[in-house]
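# Inside the fold
Spelled out, the chains give:
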Amino acid sequence: MAPYEEGASGAERAAETFSYPLVAGDAQASDGGTSSIGVRSSDGSSREGGEAGGSRGHLRRMTAALVDILDQMSNSVTQQPSSSPATVDKGRGGGKGAEQEEVVPAHHVHRLTNTLVDILRHVAAAPQQQQHQQESRYHMRQLSHGGEIRPDLEGAREEASGLLGSQDDKLSVTSGASRMTGTTSATESSLHATLLHSAYAREEYTGDVVRPFYVDPLAPWSPASEVASADEIGDAEKKDGEEQQQQQEKQQIEEEWPIPHRLAKQRRVNWLGLFAFLAFLGAFLFYIYARIAYTLGLGGLLWYGALMLTVEILGGIAVIPYALCLTVRVVNNKPPPIDDKGLNASQLPYHIRVIIPCYKEPLDVISKTVMAALYASIPAGCKRTVYLLDDGKDIEKKKWMHSLNLHNVVYISGRKRKKGEINGKSANINNAMSLIYPASAGVDIPLTEVICLFDADQCPNADFFLKTVPLLDGGQDVAMTFYNLNPDGDIFNHANVHFWDYTQPGYDALGLISCTGTNFLLRSRAFQQAGWFPEWTLTEDFALGIELKKLNWQCRYVDEYLAIGEAPEDVRNCFQQRSRWSKGHFQVFMSKHNPVLSRQLSWLMRWMYGSVILSYFSAFLATPLLLLVPMITVWMGSFPIVINFWAAVSITTYYGATIMVMYYTRTLSHLKSMWFASCANSILWFAFLKAMYRATLGKYIAGAITFKVTAKGLQSLKDSAIRDVWVSLLFVLAMISTLILGLVHWSRGNTETPLIISLVYMIYNLVPQCLLLQYAVWRKRPYFNWICKVAALISTVCAIGGIILIWVLYPKSYNYQDTLSSVVGFFDTQRVGYLPANSAVSWRGNSFTQEQATPVYLAASLDNSTMLNGLGLGGVGDPSDPVGGTFGLGGSSFAGRRLMQNPFASPEADPFASAASANPFGGGSSGGGAPAPPADPFSSSSGSGSDPFTPSTFGAGGAQFVPTSSDPFAPAASDPFASAATAFVPPTPIGDPWDLAGGWMSGMKGGNIKMTTPIAFTTLLLSWSLMAFPQGFAKAGVMDRTLDSIRWGSDYLTKVHRGTGDNSSLLVTRVGDVDTEMMLWYRPEESSTVRDGYAINLETGASDLGGSVAAALAASSVVFQSLNDTAYAKQLLDKSLEVYDFAKAKYGKFGEGDLNSTLLYNSSTMYDDLAWAAGWLYKATKKDNYLGDMYDYYVKHLQEEADIADFKFAFDWDNVFWPLNLLMAQETGKGTFHKQTELFLRNWICAGNAANYTSKGRAYNPMSGSNGATVNAAFMALMYADMVEASSASSAHVYKCWGLSQVRYMLGDAGHSLVVGVGKDPPKRTQDRAAGCPDPPQVCNRVTGLLSPDPDTHKLSGALIYGTGRSDSFEDVRSHDSNWVGVENNAGFAGAVAGAAELPSGLWEQCLQKYGIFRTNPVCGTFLTI
């Protein structure tokens, strides 16, 4: 209890026991629960002896007698109504029968009592105070000369125990007498109740009277003369000599006991922490560079990526100071060792003033803290006073404090709150400081005055002061830690480990003062110079640390848990506490005290203090963004980072270094706490955001910020957590629903990298939010701890798995230039004739050189019923015909398109009908993936001579076999089909042989046959590609090779048409027999006979083929005209005009004149081909008559052919209406052509009846399912994107992205490439005779070629395989139709790849931003993909 002072109320004064402070250095046991006056020596004896003891007893008896006198006076009462608030019974007997109650005028009794007791106390206390001051001075001098004082702690504790054991009401003004006499009268009890009621019925509530430090008898430098009261010090009549004497005494003591430096900080580098710091710093800088240079190519979403990067940079900057804290530690933060009695000593006689502020905390919480502060041992020679600062004016707390009956326990209360007060705790403490250290005194505070602050719930350990106070000898300020009672019981307070065990030691080593607001010691002089606690912010401790650092005070940190407190566990209290902290930090940042702007701080300190505030900014900015990003990606497809190689490298490096820093621990047991600390931002970000609002705009809208005490004890149970977790609940519901839909979206083939990565990180984000909800609803400790471990495991797996997925799934960048070089090179592999000397294909040689003199037959005059004319085999009209299913001719498709009579109509006529095993060629279709057939009976090691179907066995016209001994079907009596009825009469060639050398093998299912239709189509698309994307070809370095291929095809096309001189002309449709070439497998270079050519008379109609040839020649002429090769361009254009004129003279389809060719190329329309030719002639000549022709044929096509062709939305050799619209849009700019082009692209891009997508993203047309048709559409999309770029950039972006997506699919985005020699896991077995046949001397036939499981002997680089239609699955089997290759399939692919080569790098990553569930674009509109 506080020493009795002038100005105290009567009730308060009467409650005094006149005992001196009970401290470790001057405590004395008390008999009967009372203390005696005097100071105990080191051996426990009283310095005054027996006489002094008698004097003390006499004074106590005098005091008791005076109280009795005052009690007698109280009987002089006046009569008042019974309702008076201050009444007593008349007389000691109780006044039975009194009609009116008599009252005591309370204020008179108070005044008289105060006066008399004050006089008596001064008289009784002065000699003892003088004696005590002399003893204190003696003790300090003795200590300075190496002496040691060992306080009688056991005696002090016994006395405290006796006092604490008393539970009676010590507020009774007669308590002292009662304890001595052992009796209490009814009148005394009544008077006690009356005075107590009267005292607290006053308008103002006050606590004990506080002695200023300079009149405190415990002050070691107080003068030996009588100690003056506070009023006397302030009295104008006080002698100047006394003031000078006090100043001299103070100066003398400070000179005799200067601040020692035996415990000055000693620092040591933590090499492992330094490595983590340097690794993080380097990774962070690299991450910023890589992100800016390589991952922001987001096009219109650049702002999104920049925002994300800015937030990441803020977070990284906030982490750097923490990483710096790991680099160095103080190694001598331990106090001097404790002696055998459990004590140690400080070099200065500190007076420790323990401050315990409280407001409305329960008494059971406060009492523990007060008692712990009293019982904790203090170093020898030091003093202690405990102050309870009750801002709640709680009578029960006051009664309890007084019940302790200790003179070194002071109860302070009754301050007046200021209007608009922000920080009640600071104001409460500052009020106490103004009483203990009044500014009006004009006396400097000595360095031995120390303030120790404990929050109401923080209980110091018994050795708290022993381990902290001695460290004051090495500096000027010490900060301590506190320990959560249940570190494993909640998800919030694990951050204490992160802060106290790793951050604070680093702060200590770096010199930063981090005042924690509780459990710290502070020199009172430093406290005063800092202006006491700041009252303008809620985080007075943080602001105080900044002010102390500005004044160059130093700090020491004890890296040990020395106090135990009630860290809040309930969700509401945790959020309220964290919100208060963040509000206070924002207040500091937004004020004139902003440490970043303070010139009194070094740049390092500015950065360190600023990073504390920055951590809150980065938390509420980054966390919601990181929670939203995965959901935005799933729904909208927008991802803020371009996922590429550099993203994978930088993310792995940076986040790996971040994990190294954030999970750096000195013990594995801390890993759990570190993980919880990392989850804190995900849980508390909304509290930080609200705090930011309240500290800025909110204070103008919602009013000033006020201090809210964290609830303690049972108070913490009253508030519901729903007001704090509702945001997390909304996020959890949104993320779970998005996760489910995202998984469905992904399962349907949307395997874009941002999607799957976002799904993984959505699970990662869900973990802390679900943990918070679980904690708020039900947290039975054993089960909840188990749940936390599972959550930590899931979170870790997702974090690591997400980084691995970035490496596994990031979009590979393809080298389109190299791809284009391979694609263009493929055309060289398909050449026929004499190859140029500089041919790039080393494994190809001259082939079919005899075609320089090719006999040409009129196709219409042939018996189209033969499959092998030499055998006289007819069509496969019967599906059961084993031949149709034997040679891999397309199965039922081949049989269905044969129209002629089957010579095997009866079983008797079929030599293979007797038994299936008798079939020398086995069974199974090439397209169906059937089991391999039996061995070819014609295969032997003797070479090709044993194969009756080698090219050398065919005669002129392909009509007969050359008789050999090995030919089982040689014309002889043994031939079962050799009869007049079936004998084959060869046709007569048309005129002289034609020079049909050159051109390309058609490939596909036609094998080595040379068809005019695909050659014309290929030549035209190569020409158009070069016109559309010249830079793409130039970048790939294949401009000359492409021109050479165009010339190669054009040269051949100039040979396929010949006038007959009678206003008619012939047009060659093919070189080679369809049936023979489809069936046979042989090396082109080994053909020693001339293959026959087949032509149709344009007079009978071949408008479709004629239009195709004319269009190709016109397109080629445009290319060479642009290169100033005028002569060659004119030659091509003249030939184009010639063919066009004949083609339009007689309408008809070439299949009607060459029915056999329809097995491979069956034309369905002709007016689109004529319009196609007219359009290209208009482009080449710019003559309006061709434009007029184009319009005419365009209309005729719509009128007569649209219903059977255009609905397919196909672009191939047979369907050129849609590319015609693009051509005319380029040439005329007419809206009709634009709309038709957009209609075509929309049907491909947006998926519908015309085109659909495989699960992995390839668009396919059910009517034209080849990969060639897909890349042709992609080629159109890329061309049209360039056209509309200026007018509609958004539409152009869609077209580019779609075209690029299809090219990338072919190169391997589906998991395997569909282009030989390019991309991931490309095909190795193609149906190309030249590449698939084994090298000589091995025989090449169907068994060693088509049916061989071995890879191609020669890599057919650049060949785009036919594809698997509507399936993503691909089985690399040569006999499957999916492995067809041909020039027509590669023609549009060259253009599409060239277009992709011209696109800016990083475009694909931008394109991936549009693959969400909810999509909207100017082409397809708004739609959902679920």
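The model shown is predicted, which means the values in this text are computed figures rather than measured ones.

About the cut-offs
Residues numbered from 1 in each chain as written. Predicted model: local features only at pLDDT ≥ 70, side-chain atom pairs only at ≥ 80, totals over all residues. Heavy atoms only, no water. Helix = DSSP H or I, 4+ residues; strand = E, 2+ residues; numbered from the N terminus. Buried < 20%, exposed > 50% of the residue type's maximum accessible area, 1.4 Å probe, protein only. Contact = heavy atoms within 4.5 Å. Areas by Shrake-Rupley, 256 points an atom, 1.4 Å probe, with all protein chains shown as cover. Disulfide = S-S within 2.5 Å. Axes fitted to C-alpha atoms, helices over the stretch in contact; angles between N-to-C directions. Parallel < 35°, antiparallel > 145°, perpendicular 65-115°, else oblique. Left-handed = near helix turned anticlockwise from the far one by under 90°. Nonpolar A, V, L, I, M, F, W, Y, C, P; charged D, E, K, R; others polar. Polar contact = N/O pair within 3.5 Å; in protein donor to acceptor, adjacent residues only side chain to side chain. Salt bridge = Lys/Arg side-chain N within 4 Å of Asp/Glu carboxyl O. Pairing = 2+ DSSP bridges. Expected span 1.5 Å × (residues − 1). pLDDT = per-residue confidence, 0-100. Phe/Tyr/Trp six-rings, centres within 6.5 Å; stacked < 30°, edge-to-face > 60°. Lys NZ or Arg CZ within 6 Å of the ring centre and 35° of its normal.

### Regarding the overall build of the protein
Per the secondary structure count, the protein includes 44 helices and 24 strands. Within the protein, buried positions represent 60% of all 1426 residues. Considering only residue pairs separated by 6 or more positions, the protein has 78% of its internal contacts joining residues 24 or more positions apart. Of the roughly 55000 Å² that the protein leaves accessible, carbon and sulfur atoms contribute 57%.

### Quick notes on the state of the cysteines
Summed over all chains, the structure comprises 3 disulfides. Sulfur-sulfur distance for the disulfide between C1333 and C1340 comes to 1.8 Å. Overall, C1340 belongs to the buried group, its relative accessible area being 6%. Disulfide connectivity for the protein, with bonded cysteines indexed by sequence position, reads 1-6, 2-5, 3-4. A disulfide-free cysteine, C555 has its sulfur positioned 8.4 Å from the sulfur of C515, the nearest such atom.

### Quick notes on the packing of helix α21 (residues 671-695) against helix α23 (residues 722-747)
It is at 9 Å that the axes of α21 and α23 come closest, and there the two elements cross at 120 degrees. It follows that α21 is oblique to α23 by the angle criterion. Regarding α21 and α23, the two cross each other, and that crossing is right-handed. Within the contact between the two elements, α21 uses W685, F686 and K690 and α23 uses R723, D724, W726, V727 and F731. Of the residues belonging to the contact of α21 with α23, the class tally is 5 nonpolar, no polar and 3 charged.

### Considering the environment of F1211
By the secondary structure assignment, F1211 is in the loop between α37 (1202-1205) and α38 (1217-1228). Separated by 50 residues in the primary sequence, F1211 and N1261 have C-alpha atoms spaced 9.8 Å apart. Not counting residues within four places of it along the chain, the set of residues in contact with F1211 comprises F1017, L1021, W1024, P1219, F1240, A1269, N1272, A1273 and M1276.

### What about helix α12 (residues 395-403)?
Of the positions making up α12, those classed as buried are K397, K398, W400, M401, H402 and S403. At the N-terminal boundary of α12, the capping side chain belongs to D394, with an oxygen 3.0 Å from the backbone nitrogen of E396. In the stretch just after α12, N405 is the one whose phi turns positive, near 55 degrees.

### Examining the pattern of salt bridges
Taken as a whole, this structure holds 33 salt bridges when the rule is applied. Here D828 makes a salt bridge to R831, at a shortest N to O gap of 3.3 Å. For the pair shown, D828 and R831 are each scored as buried. The partner of E851 in a salt bridge is K1010, with the nearest N and O atoms 2.6 Å apart. One end of the pair, E851, is in the loop between α26 (816-829) and β16 (856-858); the other, K1010, is in strand β17 (residues 1010-1011), and 159 residues separate them in sequence. Owing to a relative accessible area of 0%, K1010 belongs among the buried residues under this scheme. Members of the salt-bridge network, linked through shared partners, are D391, R415, R417 and E421.

### Re the pairing of strand β13 (residues 520-523)
Burial along β13 is two-sided: the face carrying F520 and L522 and the face carrying L521 and R523 are both buried. In this sheet, β13 lies alongside strand β9 (residues 449-453) in antiparallel orientation, the contact comprising 4 bridges. Following the sheet pairing, V450 is matched in β13 by R523.

### Some words on helix α40 (residues 1267-1284)
End to end, α40 covers 26 Å across 18 residues, agreeing with the expected 26 Å (1.5 Å per residue, within 8%). Burial of α40 is extensive: 16 of the 18 residues sit out of reach of the surface.

### Describing the pairing of strand β20 (residues 1093-1097)
Where burial is concerned, most of β20 is hidden: 5 out of the 5 residues are buried. Here β20 shows two buried faces, one formed by G1093, A1095 and N1097 and the other by Y1094 and I1096. Pairing between β16 and β20: 3 bridges, direction parallel. Counted as the bridge partner of L858 is A1095 from β20.

### Structural notes on the environment of S758
Tracing the sequence through the fold places S758 in helix α24 (residues 753-777). Linking S758 and G742, residues 16 residues apart in sequence, is a C-alpha distance of 9.0 Å. Side-chain polar atoms of S758 contact the side chain of T633, separated by 3.3 Å.

### Description of the confidence of the model for the protein
Averaged over every residue, the pLDDT of the protein is 75; the share at 70 or more is 69%. Across residues 1-56, where pLDDT falls below 50, the model places 144 contacts with residues more than four positions away in sequence or in other chains. Contacts for the low-pLDDT stretch residues 76-102, under 50 throughout, to residues beyond four places or in other chains number 40 contacts.

### A word on the packing of aromatic side chains
The tally for this structure, following the rule as stated, stands at 61 aromatic pairs. Aromatic side chains F586 and F620 sit 5.9 Å apart centroid to centroid with 70 degrees between the ring planes, which places their arrangement in the edge-to-face category. One end of the pair, F586, is in helix α18 (residues 571-589); the other, F620, is in helix α19 (residues 603-636), with 34 residues separating them in the sequence. For the residue pair F586 and F620, the accessibility class agrees, reading buried in each case. Through a chain of ring-to-ring contacts, three or more aromatic side chains come together here, namely Y1191, Y1194, F1209, F1217, W1218, F1233, F1240, W1244 and W1298. Over the face of the ring belonging to W603 we find R606, whose NZ or CZ atom lies 4.1 Å from the ring centre.

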